[in-house]
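Okay, here's what each chain looks like letter by letter:
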Amino acid sequence: MVVEHMTTVLIQDFNPLFLAYDYFDDNINIIITSNCFINQPMHERIRSVYKCIQEKSPNVLESYHVFVHSFTEDELTEVLEHNKEGTDE
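Here's what I pulled together on the structure shown here.

Cut-offs applied
Residues numbered from 1 in each chain as written. Predicted model: local features only at pLDDT ≥ 70, side-chain atom pairs only at ≥ 80, totals over all residues. Heavy atoms only, no water. Salt bridge = Lys/Arg side-chain N within 4 Å of Asp/Glu carboxyl O. Helix = DSSP H or I, 4+ residues; strand = E, 2+ residues; numbered from the N terminus. Buried < 20%, exposed > 50% of the residue type's maximum accessible area, 1.4 Å probe, protein only. Contact = heavy atoms within 4.5 Å.

Quick look at the pattern of salt bridges
Point 1. According to the stated counting rule, one finds 2 salt bridges in the structure shown.
Point 2. With a closest N to O distance of 2.8 Å, Asp13 and Lys56 form a salt bridge. Linking Asp13 in helix α1 (residues 2-14) with Lys56 in helix α2 (residues 42-56), this pair joins segments that are 43 residues apart in sequence.
Point 3. Residue Lys56 is classed as partly exposed on the basis of its relative accessible area of 39%.
Point 4. With its nearest N and O atoms 2.5 Å apart, the salt bridge here joins Glu75 to Arg45. Taken together, the residues span a long stretch of sequence, with Glu75 in helix α4 (residues 73-87) and Arg45 in helix α2 at a distance of 30 residues.
Point 5. Exposure remark for Glu75: the relative accessible area of 27% places this residue in the partly exposed category.
Point 6. Among the residues examined, Arg45 registers a relative accessible area of 4% and is labelled buried.

Laid out in structure tokens, this is it:
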């Protein structure tokens, strides 16, 4: 229920092109891609996602350690292509 609310909040605030979670132990990796990140440095993107979660879905931060990975669409494509190249060998 906690993560579902966070998902709704992130969708409303960032209109992501891609949003995924990876769970391990009491941790959540959030991978989010949005056009609103295009003119922002990485630290501002991450800060804005944390701020959104803290203000609108604070129970997530009480229940999990949260790690945010924020990308533009082009950056995510580059990461995926790079990872694919690494597995083709």
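Describing the environment of Asp26
Point 1. By secondary structure assignment, the location of Asp26 is in the loop between β1 (18-24) and β2 (27-33).
Point 2. For the pair Asp26 and His65, spaced 39 residues apart in the sequence, the C-alpha separation amounts to 6.2 Å.
Point 3. Ignoring sequence-local partners within four residues, the contact set of Asp26 consists of Ser63, Tyr64 and His65.

Honestly, that's just the spatial picture; any functional story needs more than this.
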